[in-house]
Amino acid sequence: MQIVTEEHWVKKGSVKLYVYRKHDATRTGKPVLFMVHGSTFSSRGTYDVMVDGSTDYSAMEHFARLGYDVWTMDHEGYGFSDRTDSNSGIMVGVADLQAAMPLVLEKSGQSSVFLYGESSGAIRAGAYTNLEPSKVARLMMHAHTHHGKHAPEMERRRGIIDQLKATPRRPFGKAQIDNVLNRDKSGQVDPAVIQWLEKFEMKFGDSIPAGTYIDMAINLPLVDPARIHCPVMVSRPDHERNSTEEELYEFYAALGSREKQFHLMRGLPHGGAMVGHQRKRMWYAMHAFFGAPEAPPAEEH
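Treat the numbers as computed from the prediction; the structure is a model and nothing was measured. (Residues numbered from 1 in each chain as written. Predicted model: local features only at pLDDT ≥ 70, side-chain atom pairs only at ≥ 80, totals over all residues. Heavy atoms only, no water.)

**Focus on the overall build of the chain**
- If you tally the helices and strands in the chain, you get 11 helices and 10 strands.
- Overall size of the chain, expressed as C-alpha extent along the three principal axes, is 50 × 45 × 40 Å.
- Among the 301 residues that make up the chain, the fraction classed as buried is 57%.
- The contacts of the chain with a sequence gap of at least 6 include a subset with a gap of at least 24, amounting to 78%. (Helix = DSSP H or I, 4+ residues; strand = E, 2+ residues; numbered from the N terminus. Buried < 20%, exposed > 50% of the residue type's maximum accessible area, 1.4 Å probe, protein only. Contact = heavy atoms within 4.5 Å.)

Structure below.
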């Protein structure tokens, strides 16, 4: 086994986007797992956390060792990608995925990917699947918000919507990192991970795009579940303020797919699923879904 990393760049018009890959160079024909980040942390700050050089917190390393060809990207305005005047809302992120996917498929030799997204990344992933269904073999949406009508966090954002809309970017620093990881249930992430995230993420500046916060507050739904026909897992954290269980049951029932799962994860908070104390339960659920044998072809109903 030889786990290697690769950094790539793609252009979306004049915007330069950062794409990152981790895989076992000794294996060929690996299934592609593409992971979509959320509203606050960049791609590597979500999926390739390397505390003191340890790979124990890296989902990308874990899945590369399981035999996946693992990819992610920084959306416009995040991480290593260009910072622009855009507030980088959900559909801007979908356009980012459309720009990156030809590179991913060319380098991997595959014609479709397993797509994972969490929080606003789940919405991006679902909206991308609506637009490019042939390129998504399986879809996992973790901590998804369908319409957010009665979700406490969406109610809070609606209360400050004028403030969010006043500028393309919102403040970012230690307080925002702590809020993401401790808002719904505190003490679920190793302090060393929080310190690593502060060092890694804050080098990109003291602000992040506001667009996904705005979209989730007032512009949902952006995903049509009836137009998703690939195998789907909807995964909900136990401690979650971004959605209600009722809206996700509604979303699940409306899915066009006849191969679908709803996974409620006891004790799991919204923030830090990939890097918290329960991350290996999360990784297990993902591998059980993405690594399952192929379902028979879809039938007419």
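**Overview of the packing of aromatic side chains**
- Inspection of the entire model under this criterion finds 14 aromatic pairs.
- Ring centres of Phe63 and Tyr68 lie 5.5 Å apart, and the angle between their planes is 75°; this geometry places the pair in the edge-to-face category.
- Taken together, a centroid distance of 5.8 Å and an interplanar angle of 90° make the contact between Tyr252 and Phe262 edge-to-face. Of this pair, Tyr252 sits in helix α10 (residues 245-254) while Phe262 sits in strand β10 (residues 260-269), and the two are 10 residues apart along the sequence.
- Every member of this aromatic cluster is reached through a ring pair, and the members are Trp9, Tyr18, Tyr20, Phe80, Trp196, Phe200 and Phe204.
- Lying over the aromatic face of Tyr213, Arg170 brings its terminal NZ or CZ to 3.6 Å of the ring centre. (Phe/Tyr/Trp six-rings, centres within 6.5 Å; stacked < 30°, edge-to-face > 60°. Lys NZ or Arg CZ within 6 Å of the ring centre and 35° of its normal.)

**Looking at helix α4 (residues 120-131)**
- The terminal C-alpha atoms of α4 lie 17 Å apart, and with 12 residues this matches the ideal 16 Å at 1.5 Å per residue to within 8%.
- Counting buried positions over the 12 residues of α4 gives 11, a clear majority of the element.
- Along α4, the residues that are buried comprise Ser120, Gly121, Ala122, Ile123, Arg124, Ala125, Gly126, Ala127, Tyr128, Thr129 and Asn130.
- Elements that come into contact with the buried residues of α4 comprise β3 (32-36), α3 (90-108), β5 (113-118), β6 (136-142) and α9 (211-218). (Expected span 1.5 Å × (residues − 1).)

**A closer look at the environment of Leu268**
- Note on placement: Leu268 falls in strand β10.
- Since its relative accessible area comes to 2%, Leu268 is described here as buried.
- With sequence-adjacent residues up to four places away left out, Leu268 is seen in contact with His142, Pro237, Asp238, His239, Ala273, Gln278 and Met282.

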